[in-house]
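Structural overview
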Amino acid sequence: MGSHDHIYKRLFSNPEMVRDLLKDFVPGDWVGDLDFDTLEKLNNSYITDDMRERADDIVWGVRFRQEWLYVYLLLEFQSTVDRFMAVRLLTYVGLLYQDLIKARQLPEDKQLPPVLPMVLYNGERPWGAAQQLSELVQSMPEGLRCYQPDLKYLLIDENRYTHQELERLDNLTAALIQAEMAESDARVINVIGKLVIRLDDEHYTDLRSAFAALFAHRFSRVPGLGEGLTAIQDLTEMHTMLSERVKEWSHLHRQAGLKEGLEQGLERGIELGEARTLKRQLTKRFGELPADVLQQIDTATLVQLEVWLDRVLDADSLAAVLD
C-alpha cells in the first residue's frame, strides 16, 4: 500500500470522517436513522490473517434505528479502475461474515448484519467498471440464475462532484475531495484554512495530524513549497508555513518585475482547474467533446466556467450547458 493510501486509511479511521461520508454522500432516507454516536471501528482481532492480506478496507459498525442492527462499511480506496471490483468486494464481505461468526459477534437471533460496500475513487479516468456482480457474469438459463451470488457496491467518484457542490457542504469528506481535485495550490491552501477553523479543538488532534500528512504528501513535489513539510504534524503550522511561502514567492516575483505576479498565476491555475473539471463532467454526460467546444472552454473566464459547471448536472444537452 502506497503512502497516499495509508493516509486515506488513517483519515477514514476517524469517526468524524466516516460520519460526514455517510451523511452527505450516501443516498437514501435510511441514513437519517443511523446513530452516528455509536460509530465503532471493527477491532483488528476480529479479522483473519487471510482478510488482512487481501483487503485494504476499513470496517465500521453503527447502530441503525432501535433494533441495534449493525451496518458494516467496507471502504476501498482506488486510484485506478478495477474491472472486477464487485468480485473483490464479494470476497471481502464473505470474509467479514466468516470472521463475525468465528468471533461470535452476531446478535442473539444469529442473523448476519447488513453490509454497505463502498468504493472511494480518486483516479483521473472515469470509473467504467460494473458496480453489480451480475453484470460480470455471462448469460445463463433462467433456472440457474437464482443460484448465483450477487453484490452491488456504492461508488463515490470524486471527479463527479463540482467545486460548487462541495463548497456548499460543511463536511470533512467534501473538504478532502476538494483538496484532492483542486488544480491550483491556492485552492488547496484555502481548503487547509477552512479545515484549521473546522478542526480547532483538542478532540480533533489525530484528524488534524492526518490531514497535515495528506497535504505534506500533496505539496512534496512542488518546488519551493514542499521542503520540510513532512516533518510538520499540525495542520495550523502547515497552513501558516504554506501561506508564508506563497507570500515570499509573491514578493520575489514583484521584485523581479515579472508581468504576472504569483496571485495572478494562482488565479489562472484555478481557471485551468475549473476548465479541466468542466471538460471531465461534460465528457461523462455527453461523450467526446468537439474541438470548438474545447476551445470555447479553454478561453472562457472563471465566472463563465462556474456558470457552466452549475448547469452540468441538470442540463439535457451540451448546448444547454454552454448556451
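For the structure, see preceding data.
The present account deals with the structure reproduced in this document.

Basis of the calculations
- Residues numbered from 1 in each chain as written.
- Predicted model: local features only at pLDDT ≥ 70, side-chain atom pairs only at ≥ 80, totals over all residues.
- Heavy atoms only, no water.
- Helix = DSSP H or I, 4+ residues; strand = E, 2+ residues; numbered from the N terminus.
- Buried < 20%, exposed > 50% of the residue type's maximum accessible area, 1.4 Å probe, protein only.
- Areas by Shrake-Rupley, 256 points an atom, 1.4 Å probe, with all protein chains shown as cover.
- Salt bridge = Lys/Arg side-chain N within 4 Å of Asp/Glu carboxyl O.
- Axes fitted to C-alpha atoms, helices over the stretch in contact; angles between N-to-C directions.
- Parallel < 35°, antiparallel > 145°, perpendicular 65-115°, else oblique.
- Contact = heavy atoms within 4.5 Å.
- Nonpolar A, V, L, I, M, F, W, Y, C, P; charged D, E, K, R; others polar.
- Left-handed = near helix turned anticlockwise from the far one by under 90°.

Our next topic: the overall build of the chain. If you tally the helices and strands in the chain, you get 14 helices and 6 strands. Here the chain holds 323 residues, and 46% of them are scored as buried. If you sum the accessible surface of the chain, you get close to 17500 Å²; carbon and sulfur atoms cover 49% of it.

Scanning all chains against the criterion turns up 10 salt bridges. The salt bridge involving Arg19 is made with Glu16; its shortest N-O contact spans 3.1 Å. In this pair, Arg19 and Glu16 are both assigned in helix H2 (residues 15-25), 3 residues apart and thus about one turn of the helix distant. Here Asp298 makes a salt bridge to Lys279, at a shortest N to O gap of 2.6 Å. In this pair, Asp298 is assigned in helix H12 (residues 291-298) and Lys279 in helix H11 (residues 262-286), connecting sequence segments 19 residues apart. Among the residues examined, Lys279 registers a relative accessible area of 23% and is labelled partly exposed. Three or more residues are tied together by salt bridges with common partners; here these are Glu16, Arg19, Asp20, Asp170 and Arg198.

Moving on, we get to the packing of helix H7 (residues 172-181) against helix H9 (residues 205-219). Viewed as axis vectors pointing N to C, H7 and H9 meet at an angle of 10°, and their least axial separation amounts to 11 Å. Considering the angle they form, H7 stands roughly parallel to H9. Along the contact surface, H7 presents Leu172, Leu176, Ala179 and Glu180, while H9 presents Leu207, Phe211, Leu214, Phe215 and Arg218. Classifying every residue of the contact of H7 with H9 by side-chain character gives 7 nonpolar, no polar and 2 charged.

So, about the packing of H7 against helix H8 (residues 185-198). Interhelical geometry of H7 versus H8 gives an angle of 160° and a closest axis separation of 9 Å. Taken as axis vectors, H7 and H8 run roughly antiparallel relative to one another. Of the two elements, H7 crosses H8, and the hand of that crossing is left-handed. Within the contact between the two elements, H7 uses Leu172, Ala175, Gln178 and Ala179 and H8 uses Val188, Val191, Leu195 and Arg198.

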